[in-house]
Each structure stands twice: as C-alpha cells, then as structure tokens.
Amino acid sequence: MSRDAFDPYKHLNLSINPDGSCTRNFEYPIIDPDPDPSPGKLTASKDVTINHETGVTVRIFRPTNLPSNDTTIARLPILIHLHGSGWVLYPANSPANNRGCTQMTSELTVIIVSVNYRLAPEHRLPTQYDDALEALLWVKRQAVDAANGEPWLRDYADFSRCYIFGSSNGANVAFQLALKSLDHDLTPLKIDGCVFYQPFYGGKTRTKAELKNFADPVMPVPAIDAMWELSLPKGVDRDHRYCNPIGYLPQKEKVGRLGRCLVIGYGGDTLVDHQQDFVNMLVTAGVRVEAKFDDAGFHGIELVDPRRAVALLNMIRDFIN
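The rules behind the values
Residue positions are given per chain, counted from 1 along the sequence in the order it is written. Per-residue local features are limited, in this predicted model, to residues with pLDDT of at least 70; the limit for side-chain atom pairs, both in listing and counting, is 80 or more; totals at the level of whole chains, interfaces and linings are taken over all residues. The basis for the side-chain values is all heavy atoms of the structure; hydrogens and waters are excluded. UniProt positions are given in the numbering used here, feature names are shortened, and annotations may be inferred rather than shown by experiment. The helix and strand labels rest on DSSP assignments: H or I over at least four residues marks a helix, E over at least two residues marks a strand, and numbering proceeds from the N terminus. Radius of gyration here is computed from C-alpha atoms only, and the compact-globule reference equals 2.2 Å multiplied by the residue count raised to the power 0.38. Using a 1.4 Å probe on the protein chains alone, a residue whose accessible area is under 20% of its type maximum counts as buried, one over 50% counts as exposed, and one in between counts as partly exposed. Contact definition: two residues touch when any of their heavy atoms are within 4.5 Å. Surface accessibility follows the Shrake-Rupley procedure with a 1.4 Å probe radius. Residue values consider only the protein chains on display as shielding. For the charge count, each Lys or Arg is scored as positive and each Asp or Glu as negative, with His and the chain ends excluded. By convention, the point assigned to a charge is CZ for Arg, NZ for Lys, CD for Glu and CG for Asp. The salt bridge criterion pairs a side-chain nitrogen of Lys or Arg with a carboxyl oxygen of Asp or Glu, the two atoms within 4 Å. The nonpolar core is taken to be a set of buried Ala, Val, Leu, Ile, Met, Phe, Trp, Tyr and Cys residues, with the residues joined through side-chain atoms within 4.5 Å.

Per an unreviewed UniProt entry, the protein carries the name Alpha/beta hydrolase fold-3 domain-containing protein and comes from Eruca vesicaria subsp. sativa. Under the heading Sequence similarities (unreviewed entry), UniProt records this for the protein: "Belongs to the 'GDXG' lipolytic enzyme family."

Have a look at this one:
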C-alpha cells in the first residue's frame, strides 16, 4: 500500500477544511460526569473548568468506597491522566476514556485528574503540552489553598504521591509535562513517577516495525503520518523532538532529572521501534526506567481485550505501590 493509493483522512474519518481545521465525520456519545457517590457505584466524577479563556477542563474521578482506618479517611494517590486521542480524534469525555478512567480509579483506588486538552489541527503542538502543564499547576494550587481548594482533592488526595500517566499520544504529552514540571516549584505536590503507555513517537526514517506494519488495519503508517501532519507545528518535520524522541538527547541533563519511569509497549505496535528509541533516550540520560514490552499485542489492545486491560492495571499498581 502506498500513500498515494491510500487516503489516510478517509481512514481517520476526517475532512480537512480550507481554514486548516477538520471536520470529524463520526459521532460518539459524550459521557457526562456523574458526581453522585451513592452506594453501588464504583466511582464518582465531576468536571472542572481550569481556564475559562481556553475552555480547558479536567474530569476528576474518585472511588465511592474510600479506604479508612478507625478515625480518618486514607488519602489517595493522584494520577494526572493524559488520554490517547491520535492528537486529532477524541476528547477526554469520550466513552473509551471515561470507561478506562473509571476502571483505573476503582481498581487502583486513586484519584484521577483527566485533562481534556485541546485537539489538533485547530490547536497544534505545543498547545497540548501547555494545557497539561496548566492542569498540573491547577492541582498544585488546590494543595496550597486548602480552604478554597477543590473539595475532592482537598479532602481525599495525597499531594505527596502524584503520578503522571499518559496513553499513546497522551504518553507523549505526559513526557513533556514531566519535563516542564522540573521548571516549577510544585511544593507541596510531589511527582512520584511517570507511566508512559505505548507512547506515540515517530521520525522521518522508516523503522522495521513501520515497514512490516505499513498497512496495519489499526495503525497504518500513512494515517500515522497524517496525524503528525495535523499536529506538529507548521514548518517542522517528523524529526522534530515533539515527534522523534532522539531529539531530546541534547537535553539529556534535564531529562536525567526525571524520577522513575515505567514504559509499556507491544511488539505488534507499528510504533514499537520509536518506543524503544524513547526508552534508550531515557536510559542514556540516566533516568531510572522500567520497560515492559510484550512481544504479542498491538496499539490499543487494552480497549478490546479485557485481559490486557487487567494486566495493564496490575503493572501500574505494582509501580505506584
């Protein structure tokens, strides 16, 4: 399959408009938050607008059955959650993300702050990185201003145990967020680790996995190229550091200041070679990395295979406990 013979925008169900925006030719239900923590429900959720000018929101998930000892409710770790959207496709209130966050909140007994970052091409990189940082700094402010802070965070969160989690392109955003966090005093918030799940990276040079999976039904290479064309800043190519993780090597001193990281991937993922490059970059910079790559599996397998979803949760649980 050649790029000329394959319409990546048709594959993605997108139409590109003259002004550079796109029309998403598909419908999916928007899942509303459910703030009622009544018995019988696993989780409760609420939306909070963190920037009224940009409209960026976060969705907070908390377990309804909160652990406690005889006198007090135990405080829960916070996961800053960056969802997978292919940069251009799905907001954080999509069914798949809401379902995943609900399961993660319940099974791991954590509080999730899921960032509804703005999508490309209407908002190209680094907008998504900026939105994620704004969400992180918003969480910090809830810890600093306890009297006026968001009640679910104020009453239930352990601000000394905060983790950054990202899936697919959300893992790309999560890495940038981890780097940006080094430029800020987050006290009393403490980043205790990062989980990068099947991180979305690329490059101009085709890898063995890309050539092997060029016409992959889930992640064909021309569609991946199109996602980058729609999301990267205009005038840069796929060797820009936003896309190619090798581009961070000149910043390895800063990268080396990151805390411990967990990287998870699958051998059947079109992006697996780029994910391995990402791991190698982290190791070269001196980061404490735990890399878990399964030879079997493909991009997004946890969405269709419940056993893999459970395995993913177990790996995250082992990392944060």
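Here we take up the overall build of the protein. Counting its secondary structure elements, the protein contains 10 helices and 10 strands. Taken over C-alpha atoms, the radius of gyration comes to 19 Å for the protein, in line with the 20 Å a tight globule of 321 residues would show. Seen along its three principal axes, the alpha-carbon backbone of the protein occupies a region of about 65 × 45 × 40 Å. In the protein, which comprises 321 residues, the proportion classed as buried is 54%. The contacts of the protein with a sequence gap of at least 6 include a subset with a gap of at least 24, amounting to 75%. By element, 49% of the accessible surface of the protein is carried by carbon and sulfur atoms, the whole surface being about 14000 Å². Distance between charge centres in the protein, computed from 33 positive and 38 negative side chains, equals 3 Å.

What follows covers the UniProt feature "domain: Alpha/beta hydrolase fold-3" (unreviewed entry) in the protein. UniProt marks residues 79-301 with the feature "domain: Alpha/beta hydrolase fold-3" (unreviewed entry), using the numbering shown here. In residues 79-301, helix accounts for 38% and strand for 18%; the two terminal C-alpha atoms are 21 Å from one another.

What follows covers the pattern of salt bridges. Charged atoms that come close allow side chains of opposite charge to pair. Overall, the coordinates contain 17 salt bridges when judged by the stated rule. Close ionic contact of Asp-225 with Arg-238 constitutes a salt bridge, the shortest N to O distance being 3.7 Å. Taken together, the positions of Asp-225 in helix α7 (residues 221-231) and Arg-238 in the loop between α7 and α8 (252-255) put the pair 13 residues apart, joining distant regions of the chain. Arg-238 carries the same exposure label as Asp-225, and that label is buried. Where Arg-307 meets Asp-305, a salt bridge forms, and the shortest distance between an N and an O atom there is 3.4 Å. What makes Arg-307 exposed here is its relative accessible area of 67%. In the salt-bridge network here, residues are joined through shared partners; they are Asp-34, Asp-36 and Lys-41.

If you look at the biggest cluster of nonpolar residues, it comprises 77 residues, and the most contacted ones within it are Ile-80, Leu-82, Trp-87, Phe-175 and Val-255. If you tally residues by element for this core, the top one is helix α3 (residues 127-144), at 9 residues. Excluding residues within four positions of it along the chain, Ile-80 makes contact with Val-113, Val-115, Leu-136, Val-139, Cys-162, Tyr-163, Ile-164, Phe-165 and Leu-177. Core analysis: the second largest hydrophobic core is formed by 20 residues, Phe-61, Val-110, Ile-301 and Phe-319 among them.

With that out of the way, let us pick up the side chain of His-81. Its place among the elements puts His-81 in strand β5 (residues 76-82). His-81 sits in the buried class, given a relative accessible area of 5%. Here His-81 is in contact with Asn-97, Cys-101, Met-104, Ile-112, Val-113, Ser-114, Val-115 and Phe-165, once residues within four sequence places are set aside.

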